[in-house]
Amino acid sequence: MLRIFKLLIVTGLLASVVTMTGCAYGVATTVGKDYVVVLRNDHFLWGALRKAFVCKVTTSGLSNCRDGENP
């Protein structure tokens, strides 16, 4: 019984680490005619490594992206 309990705890900890290390690109907002701001938020320490990317909009997609930490 103790072995099963330890296995469940280890599995739960590994599952929480895996889900907390990912990131998600969220809001995209236009700034002027040519630029957009794209926010990236991670799930590590409630967004401690979040960034904002300012990109130029072209016909082939986003280009010339610059980033800043902690917007």
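Residues numbered from 1 in each chain as written. Predicted model: local features only at pLDDT ≥ 70, side-chain atom pairs only at ≥ 80, totals over all residues. Heavy atoms only, no water.

## Examining the overall build of the protein chain
Item 1. Tallying secondary structure elements over the protein chain gives 1 helix and 4 strands in all.
Item 2. Walking the protein chain from its N terminus toward its C terminus, one meets helices and strands in the order α-β-β-β-β.
Item 3. Burial status across the protein chain gives 13% buried among its 71 residues.
Item 4. In the protein chain, 9% of the contacts between residues at least 6 apart in sequence involve partners at least 24 apart.
Item 5. When the accessible surface of the protein chain is split by element, carbon and sulfur atoms take 67% of a total near 5900 Å². (Helix = DSSP H or I, 4+ residues; strand = E, 2+ residues; numbered from the N terminus. Buried < 20%, exposed > 50% of the residue type's maximum accessible area, 1.4 Å probe, protein only. Contact = heavy atoms within 4.5 Å. Areas by Shrake-Rupley, 256 points an atom, 1.4 Å probe, with all protein chains shown as cover.)

## Some points on the pairing of strand 2 (residues 35-42)
Item 1. Of the two faces of strand 2, the one holding Val-36, Val-38, Arg-40 and Asp-42 is buried and the one holding Tyr-35, Val-37, Leu-39 and Asn-41 is not buried anywhere.
Item 2. One ladder, built from 6 bridges, connects strand 2 with strand 3 (residues 51-58); its direction is antiparallel. Each residue of the ladder has a partner; that of Val-38, found in strand 3, is Phe-53. (Pairing = 2+ DSSP bridges.)

## Details of a nonpolar patch on the surface
Item 1. Together, Leu-2, Phe-5, Ile-9 and Leu-13 give the surface a local cluster of nonpolar side chains, amounting to about 420 Å² of exposed area.
Item 2. In this structure, Ile-9 sits in helix 1 (residues 2-20). (Patch = residues over 30% accessible without salt bridge, like charges linked within 9 Å, V, L, I, M, F, W, Y side chains within 5 Å. Salt bridge = Lys/Arg side-chain N within 4 Å of Asp/Glu carboxyl O.)

## Structural notes on the confidence of the model for the protein chain
Item 1. Across the protein chain, pLDDT averages 77, with 73% of residues at or above 70.
Item 2. Per-residue pLDDT, averaged within each element of the protein chain, yields its smallest value for strand 1 (residues 23-31) (75) and its largest for strand 3 (86). (pLDDT = per-residue confidence, 0-100.)

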